[in-house]
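Fold and contact review
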Amino acid sequence: MTETRTPVPDTENLNRLVPMHIAIIMDGNGRWAKKRLLPRTAGHTAGVKSVRRTVEYCVKKGVKALTLFAFSSENWRRPAEEVSILMQLFVSALESEVQKLHKQGIRLRVIGDTSVFSVKLRRKIEDAERITANNDRFDLLIAANYGGRWDIVQATRKICAEFSAGNIEADDINEDLLQSQLSFSDIPHPDLFIRTGGESRISNFLLWHLAYTELYFTPVLWPDFNESALEDAMHDFSKRQRRFGYTGEQIAQMTSNA
Ligand code: FPP
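The notes below deal with the structure included here. (Residues numbered from 1 in each chain as written. Predicted model: local features only at pLDDT ≥ 70, side-chain atom pairs only at ≥ 80, totals over all residues. Heavy atoms only, no water.)

**Quick look at the nonpolar core**
Counting 42 residues, the largest nonpolar core has I22, V55, L66, F138, L140 and I194 as its most contacted members. Residue contributions to this core peak at 8 residues, all from helix α3 (residues 80–103). If sequence neighbours within four positions are ignored, I22 has contacts with C58, V63, A65, L66, T67, L192, I194, L230 and M234. Of all hydrophobic cores here, the second largest spans 14 residues; its members include I25, A65, F69 and I187. (Core = buried A, V, L, I, M, F, W, Y, C linked by side-chain atoms within 4.5 Å. Buried < 20%, exposed > 50% of the residue type's maximum accessible area, 1.4 Å probe, protein only. Helix = DSSP H or I, 4+ residues; strand = E, 2+ residues; numbered from the N terminus. Contact = heavy atoms within 4.5 Å.)

Here it is as C-alpha cells:
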C-alpha cells in the first residue's frame, strides 16, 4: 500500500474572516412550537421562513455556500404525520422558492438518498436542480434523507465497483478518491458548522466534510435564528485560529506572509 497523503490545507483560508461555506443543523422547531402551544409541524412551517431568511443573510454577507440538514436518515423514526408534513413542506418550498433562487443566481442541490422519496418530490428536486444548474453566485445544498455514514458507504460502494471492474487498484484508493465520490466534491468543505437548538452534537451530518470545520452551538431555536444570531456565529468564527495540524506559531508566520 502506498502512504495516504494528508490533504494540505488551503492556506489562503487561514486569514478568512467570513466563512465561505456554512453548514447548519436546524434544530428546535418542535420546541419553538411547543412554547407557543402549537403542533410541532407549525414549528417546521416557521422553520421554512427561517431557511429563506438565512439564505438571504448568507448571500448578503458574502458567504458562497450553505448546506442545511433538512431531513436525516434517522428522521423516518418520527411520527408518520410529522414525516408526511415535512415532505409536503419540501414540495411546497421547492414550488414557491425555485424561481426566486434562480433569479438570485443560486444553484440548488439536494444531497442524500432521494431514491425513497415520492415521484412528485423527486420530480420537483430534479426540476429545481436543472433550472438552477448553471448559477454560480451561491450554492445551496439541502441534505434530505442524508446521513454522513450513508455518504461514506455510498462512496465506498462506487469505489469497490471500480475496483471489481478492474479500473483501479487498491493502491489507488486514497483520500482524494474517496472525497471525489462523496455527495459533493466540487465545493470546499464547510468553514463553519452551526447547530441551533442547544444540543452539542453532529448527529451523523457531514462526518467527512466537517473534519476541519469550526463548530458553533447556539441555544437559539431554528425559527428564531435571525440576522443577529448569524452575525454572532460569524463573529465567533472570525476570532478562531484555524490550524489544520500546524502550530499556532507556524500559522502566525503564514498569515503574516500572506
Ligand atoms: C429539527 O427540529 C428540524 C427538522 C428535523 C426539520 C427541519 C426542516 C425545516 C426547517 C423545514 C423544511 C426545510 C427546507 C429546506 C424546505 P426538531 O423538530 O427536532 O425540533 P425539537 O428538537 O425542538 O423537537
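**Considerations on the sheet that holds strand β2 (residues 65–72)**
Spatially, 6 strands are ordered β3-β4-β2-β1-β5-β6 in an open sheet, and the strand pairing comes out parallel. Where the open sheet ends on each side, the last strands, each with one partner, are β3 (106–111) and β6 (214–217). Pairs of neighbouring strands in the sheet enclose a mean axial angle of 20°, with direction left out of account. Strand direction decides the pairing type here: strand β5 (residues 192–195) and β6, joined by 4 bridges, are parallel. Bridging from a neighbouring strand, R195 pairs with F217 of β6. Here α3 sits on the sheet and contacts β2, β3 and β4 (138–146); the angle it forms with β2, its principal contact strand, is near 160°. Each of β1 (21–25), β5 and β6 is contacted by helix α7 (residues 227–238), which is oriented at about 140° to β5, the strand it contacts most. (Pairing = 2+ DSSP bridges. Axes fitted to C-alpha atoms, helices over the stretch in contact; angles between N-to-C directions.)

**Topic: the site of the ligand**
Surrounding the ligand, one finds 18 residues, the nearest of these being D27, G30, R31, R40 and R78. Within the side chain of D27, one N or O atom sits 2.9 Å away from an oxygen atom of the ligand. Separating an oxygen atom of the ligand from a backbone N or O atom of G30 is a distance of 3.0 Å. Out of a free accessible area of 630 Å², the ligand has 90% covered by protein chains. Secondary-structure elements contributing two or more residues to the shell around the ligand are α1 (29–35), α2 (40–60) and α3. (Near = heavy atom within 4 Å. Polar contact = N/O pair within 3.5 Å; in protein donor to acceptor, adjacent residues only side chain to side chain. Areas by Shrake-Rupley, 256 points an atom, 1.4 Å probe, with all protein chains shown as cover.)

**Observations concerning the side chain of R109**
When you line up the elements, R109 lands in strand β3. Only 2.9 Å separates the side chain of R109 from the side chain of D186, close enough to count as a polar contact. Beyond its immediate sequence surroundings of up to four residues, R109 is in contact with E129, D139, L140, L141, I142, F184, D186 and I187.

**Topic: helix α5 (residues 148–164)**
Between its first and last C-alpha, α5 extends 24 Å over 17 residues, near the 24 Å set by a 1.5 Å rise per residue. Of all the positions in α5, only G148, D151, Q154, A155 and I159 are classed as buried. The buried residues of α5 occupy one face: seen down the axis, they fall within an arc of 135°. When the buried face of α5 is taken as reference, the exposed residues oriented beyond 90 degrees from it are R149, R157 and S164. (Expected span 1.5 Å × (residues − 1). Arc of directions from axis to C-beta.)

**Brief notes about the packing of aromatic side chains**
Centre distance and the angle of the planes are the two values used to describe a pair of aromatic rings. Counting across every chain of the model gives 11 aromatic pairs. Consider the rings of F71 and W76, whose centres lie 4.9 Å apart with planes at 75°: the pair is edge-to-face. For F71, a relative accessible area of 0% corresponds to the buried category. Taking the centre distance of 6.4 Å and the plane angle of 85° together, the rings of F71 and F90 count as edge-to-face. Taken together, the positions of F71 in strand β2 and F90 in helix α3 put the pair 19 residues apart, joining distant regions of the chain. (Phe/Tyr/Trp six-rings, centres within 6.5 Å; stacked < 30°, edge-to-face > 60°.)

**What about α2?**
Taking 1.5 Å of rise per residue, 21 residues should cover 30 Å, and α2 covers 30 Å from first to last C-alpha, within 8% of that figure. Three or more residues of α2 are buried, namely T41, G43, H44, A46, G47, S50, V51, T54, V55, Y57, C58 and V59. Positioned one or two residues after α2, G62 has a phi angle of 90°, which is positive.

**Concerning the packing of α3 against helix α4 (residues 119–132)**
Here α3 crosses α4 at 15°, and the two axes come no closer than 10 Å. The angle between α3 and α4 falls in the class roughly parallel. Seen along the crossing, α3 lies across α4 with a hand that is left-handed. Residues M87, F90, V91, L94, E95, V98, Q99 and H102 of α3 form the contact with α4, whose participating residues are K120, L121, K124, I125, A128, I131 and T132. (Parallel < 35°, antiparallel > 145°, perpendicular 65-115°, else oblique. Left-handed = near helix turned anticlockwise from the far one by under 90°.)

**Some points on the packing of α2 against α3**
With their axes 10 Å apart at the nearest point, α2 and α3 run at an angle of 25° to one another. The pairing of α2 with α3 is recorded here as roughly parallel in orientation. The two elements α2 and α3 cross, and the hand of that crossing is right-handed. Listed contacts from α3 to R40, T41, H44, T45, V48, R52 and V55 of α2 are E82, I85, L86, L89, A93, E97 and L101. For the contact of α2 with α3, the class distribution of residues is 7 nonpolar, 3 polar and 4 charged. (Nonpolar A, V, L, I, M, F, W, Y, C, P; charged D, E, K, R; others polar.)

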